[in-house]
Each structure stands twice: as C-alpha cells, then as structure tokens.
Amino acid sequence: MSTSIAEKQSPAAAGSTSSIDRLFRISRRGSTLATEIRGGIVTFFAMAYILVLNPLILQGPDSTGHYLGGGTAPNIPAIAAGTALVAGVMSILMGSIANYPIALAAGLGLNSMVASTIVQIPGMTWADGMGIIVIEGFVILLLVLTGLREAIFRAVPRFLRAAISVSLGLFITLIGLLNAGLVHTFPGGLSFGINGSVGSWPLVVFVFGVVVIIVGLIRKVKGAVLWGILASTVFALIAEAIGHFGVRGDKNPMGWALTVPALNGSPVNLPDFSTLGQFSVVGPFQKVGVVAVAVLAFSILLSDFFDTLGTMIAVGTEGGLLDKEGNPPSARQILIVDSMGAMAGGLGGVSSNTVFVESTTGVAEGARTGIAPIVTGTLFLLATFLSPLFAMVPNEAAAPALVTVGFLMMQQVVDIDWKALHIAIPSFMTIAMAPFAFSISVGIGAGFLTYILVEVARGKARTIHPLMWGSGVVFVVYFLLDPIQKLLGVA
C-alpha cells in the first residue's frame, strides 16, 4: 500500500499503538476510530436510498413476463434484501482489502439498463440479464489484473482529474436536490420546488437539514453531517405523524420521496434472499448470440469502468488521500474489489455493484480509512433484518448531506488553471456534461475527447498518452452505441 499525502501521523495520535490503528493506518491518515465509525454511518444513510430505489427499478417483468425474485408478481422485499446483502459484503471487502473510505452498492444507471433494455429483448429472462452482468464483471476484473484499468487511470492528466472531482460535486448536488424534490424533472426540463416555492413540509425538512449542516460546518461541530441527517429524520417523523403526507406522486405532490418516515409494525423482519443465484451465463449467448452479448456487456462495462475512476478521484480528493501524482493509495485493490462487486451483483440477482460517490459524505465527516466502509457494510447487513427501521429515513433527510458534500467537492475548482485555454476547455466540458447529461461517464468522455481535440489543435498530439487515445476511441463508440446496437439488431 503506497503512502499518500494524507498519511501523516498527527501529534495528538502519535501515542496510538493499537493493532486496529496500525492495520488501518488510522493515526497516519489523521483520523480516529470514532471518526471512522461516524463517517461510515453517514455514508450508509447517504446510500440507504438504494434499498428503496433498486427494487423499484428492478421490479418489472422481463420479456417472458416473469419477475426478479421468482413468480409472476414483483418481489420488492427480496430485491431489497439481496441489494443490502451484496452491498454489505462488498463494502466490507473494500474496507478490509483496499483500506479506502469508499462503499459499494447496486449502481444506478447500470440497473436501469438491465431492467429497461437487456431483459426486455425478446426471449431474455432476468437470469440472462444477470448473466451478462457477471460476464461484464469478469471482463473488467481481467482488465484490472492485467494492469490496463489502473494504467488508464494513471494516464489521465491531473487537471482532468480535478475537473472530474468538481463535476461529481455538481452531479451529487443535483442528485440530492432531485432526491429531495427541491428540484424536479418535467417534460420541458427542470423546475424548482412546488409551483416555484418550498411548498410542502417534506421540502421544509430538506431545507432544515441543509441549514443544520451548514451551521454545524461553520461552527466546526464534529459530525455536522450526521447530526443534520438525524435532526432532519426526527423532524420528518414528527411532521408525518401530524400531517400524514404519504408518498409523493403526481396526485400527491406534497408527499415524501420514495419513503414515508413512519414505522409500521415490527422494526425487525426475516430477509428473503430468493434473488440470489438468479443468473445464467449461457442463456444470453443462446438467446441473442455472441455479438449482441459483447455489445451489451461492453456498454455496461464502459459506464462501470469510468464511473469508478471518477468516484475514486472524488473520494481521494475530498479526503486528501491522493499522492503527488494524484493517485489514490491501493488503487489496484480498489479496482479489484469494484470488479468483484460487478460479478457479485450479477450472482446475487440485484445488478452490478460499484463504488458510490455518496461515500464522499463519510469522507466529509473525517473518514480516511477502510473502517468507514466496513461500518457502512455492517449497517447494510443489519438492514437485511432491520429494513423497516432504516426505511424511516426519507430522502429529504439524507439529501442535505449530498448537497453539502457537493459544495465541498466544488472547492477543487481552484486547482484548474482557467486562464490556460487548453486546460480550461476540457475541464469545462467535463464539469458541465456530468450533471447536465446526468452521467458521470458522459462527463468524463466529453472531457477526454475535448482534451484530445485541443492537444491536436495545439500541435501536441505526440504528448497525448496512448491510453488516452485508446480511451478516446472507446468513448466515440460509447457515444454512438445506440446506432451501433440498432445496426446489430440488439436495441
């Protein structure tokens, strides 16, 4: 494990000699065990929405009319339990193997592609769709083991890495605003609040959470983000108990996003793991052929590959964990676990698991080591039994953490030389496209291609790393993927 710029033992922690401290380099990275635990808890609450959202995305029928989890009807509890189980195991592995404060769960965008595209191809089943996820995970693991994935990461210019971090700051802020409903989509674009105002108690809860966190940060309160989430949750519970707002929808714009902050029945239930093992590696080849499987796996791989790159940079930048070359410690181990997460998600029948940019919320709380994702993973495992309890935290209470972290990540914009056009233009394209296109991969791709264009225009084509050229070609294919799929008859 390489030594990062953050691994400098603080005087206050110099006397610490515990085995846990030495194993995870807690003191050397300027942290404490309590801080790591707190950071892991914050990260969990920032990610917990996936336990609600992933089942909603994956609950539809496949092309044969069958549902994930078995049977002829949606099995949301089974998908939620499987989602929590895989996220818990993979997050613990990340903390144990890579010692990096980054957690994993089912990747948004990846699950949407499985549900809306792959399993809707005539003849394709959920098992076939998850089989393609397993294949993609195996291929991306091979890229890590051969060193190619890490080499591409290191070939990215430092200013582009800073731009990626800033773009993710805007991206995660937009996620928070959308999750809370302060900003929402409609056919013509985006809109603010309800009829242009903070017109519901759930939105008031969100604003209250942002205020609590901002005041806490200004006053240098330890655990400001966590206190904001907890305070907002209590406020939400009280508001729902009085107002009974229910779930937000077209007919109920005043309700809560996804989860109602109320406990119905027992806080403990036995998990249903019927999605585990619902995969078939052979089935996709039999249904659509080798070429179609290759195209489908490649499209998932691209998103997985570069989303991880961006998230690694964002977490490392926020935590001061990058070395002088802008590389995180244990990059190879991080990428190996991330690749294993893709396969584990397919094997578990809950879609590809990948690193979550929401991990920056825990880093903002001071998390610097693998203890944090181990805590996050443990909470995910508990969530398989305590899902009713964790389901009480609505998006409006967790989203303030995302918005706050977005601001913290935006501070890296000062590391970009905006007066040098050959640096500023690719950086701007990266920063703008990720939130506007609502895709980390699109933002990175736009930045990569613009960088290549600018360097060629400057007569500096020879200075471009060969792997950047290769990545550029891959992104051209990525941006033309839909017509390619239609040409091959797999779209």
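What you are looking at is a predicted structure, and each value in this text was computed from that prediction instead of being measured.

Student: Looking at this structure, I do not really get the environment of Pro55. What am I missing?
Tutor: Inspection of the secondary structure assignment puts Pro55 in helix α3 (residues 50–58). Classification of Pro55 as buried rests on a relative accessible area of 1%. Discounting residues that sit within four places of it in the chain, Pro55 has contacts with Ile50, Ile76, Ile79 and Ala80.

Student: Looking at this structure, I do not really get the environment of His422. What am I missing?
Tutor: Turning to its location among the elements, His422 is positioned in helix α17 (residues 421–436). Note on His422: relative accessible area 25%, which makes it partly exposed. Setting aside residues no more than four positions away along its own chain, His422 makes contact with Phe159, Val454, Glu455 and Arg458.

Student: Explain the side chain of Glu240 to me, please; I cannot follow it from the model alone.
Tutor: Along the polypeptide, Glu240 turns up in helix α10 (residues 224–243). Buried within the structure, Glu240 lacks any salt-bridge partner; Arg248 is the closest side chain of opposite charge, at an N-O distance of 12 Å. In this structure, Glu240 is in contact with Phe245, Gly246, Trp256, Val260, Pro261 and Ala262, ignoring residues within four places of it in sequence.

Student: Any chance you could explain the side chain of Ser91 here in plain terms?
Tutor: Tracing the backbone shows Ser91 in helix α4 (residues 76–98). Only 3.0 Å separates the side chain of Ser91 from the backbone nitrogen of Leu104, close enough to count as a polar contact. Filtering out sequence-adjacent residues up to four positions away, Ser91 remains in contact with Ala103, Leu104, Pro373, Ile374 and Gly377.

Criteria and thresholds
Residues numbered from 1 in each chain as written. Predicted model: local features only at pLDDT ≥ 70, side-chain atom pairs only at ≥ 80, totals over all residues. Heavy atoms only, no water. Helix = DSSP H or I, 4+ residues; strand = E, 2+ residues; numbered from the N terminus. Buried < 20%, exposed > 50% of the residue type's maximum accessible area, 1.4 Å probe, protein only. Contact = heavy atoms within 4.5 Å. Lys, Arg positive; Asp, Glu negative; His and termini not counted. Salt bridge = Lys/Arg side-chain N within 4 Å of Asp/Glu carboxyl O. Polar contact = N/O pair within 3.5 Å; in protein donor to acceptor, adjacent residues only side chain to side chain.

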